[in-house]
Amino acid sequence: MSSEPINVLFVCLGNICRSPMAEAVFAHVVKQKQLDGNFGTIDSAGTSSFHVGENPDSRSASTCKDNGVPVNHRARRVTQDDFSKFDYVLCMDNSNLADLQEMKPAGSKATVKLFGDYDPQGETIIRDPYYGGNDGFQRNFKQVTRASEGLLKALGLI
Ligand code: 4NP
C-alpha cells in the first residue's frame, strides 16, 4: 500500500451518464480488490453545468445496478480546485480532454488524460451515450470496467 492516498476524478460533459458510471465502477472494483486504503477521494464531475444537482441518468444508474454496482452521485461542474485536489483527472473523449487542458492551472501536477488510455483493448474513446440507446450504456460499462483494471495495473496495485 502506498503512503499517500491517490485521489481520482472522472470527467465527462454532463456528469450524469459516463463519469458517474466510471466513478461507481472504479470505486466498486477498488473495494472488491480491497484496495480502498490506497485511495482518498474517488469522484466525478462534468465540463458543463447542464445537469448540475441532478442524479445520474436512469439508464446509467440501471446499467450499474444490473451489474451489482451501487451508484450515488449528484452532478457538479469541474472546478479549478479539482486540479490541485485530484492526482488523476480522467475523461471520456477528446472534447472533454481539450476542455480540461484549457482549464488546467499552470502549476497543477494532476495527470489529465483519457480514462480509455488504460483500456487494455485500446478503445480510448468512451462515447457520449446520451442520445443513443441502451447499447451505448452497456458498451460504456464494459469500457470503464476494463479501464478500471487497467488503471490499477498501471498504478502497480494489481
Ligand atoms: P455525459 O452524457 O457527458 O456522459 O453525462 C451527456 C449528458 C447530457 C448531455 C450530453 C451528454 N446533454 O447534452 O445534455
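Up top is the structure these notes are about.
The rules behind each value
Residues numbered from 1 in each chain as written. Predicted model: local features only at pLDDT ≥ 70, side-chain atom pairs only at ≥ 80, totals over all residues. Heavy atoms only, no water. Phe/Tyr/Trp six-rings, centres within 6.5 Å; stacked < 30°, edge-to-face > 60°. Buried < 20%, exposed > 50% of the residue type's maximum accessible area, 1.4 Å probe, protein only. Pairing = 2+ DSSP bridges. Helix = DSSP H or I, 4+ residues; strand = E, 2+ residues; numbered from the N terminus. Axes fitted to C-alpha atoms, helices over the stretch in contact; angles between N-to-C directions. Near = heavy atom within 4 Å. Polar contact = N/O pair within 3.5 Å; in protein donor to acceptor, adjacent residues only side chain to side chain. Areas by Shrake-Rupley, 256 points an atom, 1.4 Å probe, with all protein chains shown as cover. Nonpolar A, V, L, I, M, F, W, Y, C, P; charged D, E, K, R; others polar.

1. Quick notes on the packing of aromatic side chains
Thinking step 1. The final tally for this structure, using the stated rule, is four aromatic pairs.
Thinking step 2. Pairing Tyr130 with Tyr131 gives two aromatic rings, centres 4.8 Å apart and planes at 80 degrees, and the pair type is edge-to-face.
Thinking step 3. According to the relative accessible area criterion, Tyr130 is partly exposed, its value standing at 30%.
Thinking step 4. An aromatic cluster is built from Phe10, Phe26, Phe39 and Phe115, whose rings are joined through pairwise contacts.

2. Describing the sheet that holds strand 3 (residues 88-91)
Thinking step 1. As summarised here, the arrangement of the four strands in space is 2-1-3-4, forming an open sheet in which the pairing is parallel. Both outer strands of the open sheet, strand 2 (39-46) and strand 4 (111-114), are each paired with one neighbouring strand and no more. Sheet twist, expressed as the average angle between the axes of neighbouring strands with direction ignored, equals 20 degrees.
Thinking step 2. Of the pairings in the sheet, the one linking strand 3 to strand 4 comprises four bridges and is parallel in character. Paired with Leu90 across the two strands is Lys113, which belongs to strand 4.

3. A look at the site of the ligand
Thinking step 1. Near the ligand the following residues occur: Cys12, Leu13, Gly14, Asn15, Ile16, Cys17, Arg18, Phe50, His51, Asp128, Tyr130 and Tyr131.
Thinking step 2. Contact distances for the ligand include 3.0 Å between an oxygen atom and a backbone N or O atom of Leu13.
Thinking step 3. Here an oxygen atom of the ligand and a side-chain polar atom of Arg18 are 2.7 Å apart.
Thinking step 4. Considered on its own, the ligand offers 350 Å² of accessible surface; in the complex 92% of this is hidden by protein.
Thinking step 5. For the shell around the ligand, the residue count by class is seven nonpolar, three polar and two charged.

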